Amino acid sequence: MLQQTQVKKVLEYYQEFIRRFPNIQRLAKADLQEVLKAWEKMGYYARARNLHKAARMIVQEMNGEIPVDYARFHKLPGVGDYIAAAVQSLAFDKPFPVLDGNVKRVISRLFLIESSLNTPTVARSLKVRTSELLDRDRPGLFNQAMMELGAVVCRPRKPICRACPVPSLCQAYQKGRQNHIPMITKAKPVPTHHIACGVIFKDNQILITQRNSSGLLGGLWEFPGGKVRPGETPEQACVREVKEEVNLSVEIVEPLTRVKHAYTHFRIVLDVFRCRYHSGEVALRGPADYRWIRINEIDKYPFPGATHKFIPLLVGQGRPD
Ligand code: SF4
């Protein structure tokens, strides 16, 4: 849960998640939709899908026990070097160094690494340095201390060196370079995509479609739509995308709203239209599934954050048009 997400945000979900899925067996038995619903609005849904898959693997192939072995644990879905090292050291006190962004910053300052931390050579060197420092008797405690040092004291900007337990070991501090390390690389500009989607009303029901289980927002539900092409109006894009995705002909009744939403690597501007069903039978090209639902059933399905921004507007709009 903590991948790419702050503790404060995770705490809003953690307790409820543990209440619903108190052990691996319960999580493995759950339907993926139930898990996604519990994860709704926290983002990065691949984490939920992987956690669910991992629970099933542990129950079906590993006797219900989390492997106390780096290589076997690393094979679980969603587990990379960082999670494997963190879980093996923090939970089982195995001697693996954890290298999150905070630890990388601390190490780069301790050893005065003045190049970008993103190159493979520097990444390797950070790993070697951290391994050398690792307290092999208390690796879990060491890793937590390093992460905490980076998060609380050796902060990205203005590290609080007077509160640091290791200034005498810190080459950056000794040379007065702590505010210049690590080197900041310029972030790439984030593109914005213009999307149009339609809330199609037919006989007191609306159409929702489910995204394929792999990829961004996989397994979540949404309203049919897609990117606005150059030279197209959002209305034209909505009608075209609905036809392409679900094979229905629709008419635009009115614009419902425009929402903006930011993902990690891009932003979207989403124009939402209220549409009237005109003709055709649903045939899917792209989505994994679809449902005609009443608006009061909308809470049963997990939707992405962008859709949640306009769901409240739909309430009370269940009449046929
Ligand atoms: Fe970070 Fe300052 Fe401590 Fe060096 S002395 S590790 S820069 S907090």
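Residues numbered from 1 in each chain as written. Predicted model: local features only at pLDDT ≥ 70, side-chain atom pairs only at ≥ 80, totals over all residues. Heavy atoms only, no water.

Student: What should I look at first to understand the overall build of the protein in this one?
Tutor: Within the protein, the regular secondary structure consists of 13 helices and 7 strands. Dimensions of the protein, computed from the C-alpha atoms along their principal axes, are close to 75 × 50 × 30 Å. A buried classification covers 43% of the 321 residues belonging to the protein. Long-range contacts, defined here as pairs at least 24 residues apart, represent 63% of the contacts in the protein between residues at least 6 apart. Averaging the positions of the 48 positive and the 31 negative side-chain charges in the protein gives two centres separated by 7 Å. (Helix = DSSP H or I, 4+ residues; strand = E, 2+ residues; numbered from the N terminus. Buried < 20%, exposed > 50% of the residue type's maximum accessible area, 1.4 Å probe, protein only. Contact = heavy atoms within 4.5 Å. Lys, Arg positive; Asp, Glu negative; His and termini not counted. Charge placed at Lys NZ, Arg CZ, Asp CG, Glu CD.)

Student: Can you help me understand the layout of surface pockets in this one?
Tutor: Rolled over the atoms, a probe sized like a water molecule indicates the empty space that remains. Taken as a whole, the largest pocket encloses approximately 1,700 Å³ of empty space. As for the largest pocket, its lining consists of 44 residues, and the residues nearest its centre are Met 1, Leu 2, Leu 51, Ile 83 and Val 87. Of all elements in the fold, only helix H1 (7–20), helix H2 (24–29), helix H4 (45–61), helix H6 (81–92) and helix H9 (139–153) reach the threshold of two or more residues within the lining of the largest pocket. Grouping the constituent residues of the lining of the largest pocket by class yields 33 nonpolar, 8 polar and 3 charged. A volume near 540 Å³ is recorded for the second largest pocket. Lining the second largest pocket are 26 residues, with Ile 195, Arg 211, Glu 222, Gly 225 and Gly 226 sitting closest to its centre. Mapped onto the lining of the second largest pocket, the elements with two or more residues apiece are strand E1 (192–202), strand E4 (225–227), helix H11 (234–246), strand E6 (267–279) and helix H12 (305–308). (1 Å grid on protein atoms, 1.4 Å probe; cavity = no way out; pocket = protein on both sides within 12 Å on 5 of 7 lines; lining within 4 Å. Points joined across faces, edges and corners; volume = space filled by probe spheres on them. Nonpolar A, V, L, I, M, F, W, Y, C, P; charged D, E, K, R; others polar.)

Student: Looking at this model, I keep getting lost on the nonpolar core. Mind explaining?
Tutor: What tends to happen in soluble globular proteins is that the nonpolar side chains get buried as a cluster. Formed by 41 residues in total, the largest nonpolar core has its most connected members in Val 199, Phe 223, Leu 270 and Phe 310. The contact partners of Phe 223, leaving out residues within four places of it in the chain, are Cys 197, Gly 198, Val 199, Ile 206, Leu 207, Ile 208, Thr 209, Ile 298, Phe 303, Thr 307, Phe 310 and Leu 314. Counting 25 residues, the second largest nonpolar core, distinct from the first, contains Val 122, Met 146, Cys 154 and Cys 164. (Core = buried A, V, L, I, M, F, W, Y, C linked by side-chain atoms within 4.5 Å.)

Student: Explain the environment of Arg 19 to me, please; I cannot follow it from the model alone.
Tutor: Positionally, Arg 19 belongs in helix H1. On a C-alpha basis, the gap between Arg 19 and Ile 268 in space is 34 Å, while along the polypeptide they are 249 residues apart. Within the structure, the side chain of Arg 19 is placed 2.9 Å from the side chain of Glu 16, a separation counted as a polar contact. (Polar contact = N/O pair within 3.5 Å; in protein donor to acceptor, adjacent residues only side chain to side chain.)

Student: Just checking my understanding: could you explain the packing of helix H7 (residues 101–110) against H9 for this structure?
Tutor: The axes of two packed helices give the description: the angle between them and the distance between them. It is the contact of H7 with H9, at a shortest axis distance of 8 Å, that shows an interaxial angle of 85 degrees. When the axes of H7 and H9 are compared, the pair comes out roughly perpendicular. Each of Asn 102, Val 103, Arg 105, Val 106 and Ile 107 in H7 lies in contact with H9, whose residues at this interface are Met 146, Met 147, Leu 149, Gly 150 and Ala 151. Counted by class, the contact of H7 with H9 contains 7 nonpolar, 2 polar and 1 charged residues. (Axes fitted to C-alpha atoms, helices over the stretch in contact; angles between N-to-C directions. Parallel < 35°, antiparallel > 145°, perpendicular 65-115°, else oblique.)

Student: When you look at empty space enclosed by the protein in this model, what are you seeing that I'm missing?
Tutor: According to the stated counting rule, one finds 1 cavity of 30 Å³ or more in the structure shown. Volume-wise, the largest cavity comes out at about 110 Å³. Surrounding the largest cavity, 15 residues form its lining, Cys 154, Pro 159, Cys 161, Cys 164 and Cys 170 being those nearest its centre. If you list the elements that add at least two residues to the lining of the largest cavity, you get H7 and H9. Residue contributions to the lining of the largest cavity peak at 3 residues, all from H7. Per-class residue counts for the lining of the largest cavity are 13 nonpolar, 1 polar and 1 charged.

It is worth stressing that arrangement in space is one thing and function is another; only the former is reported here.
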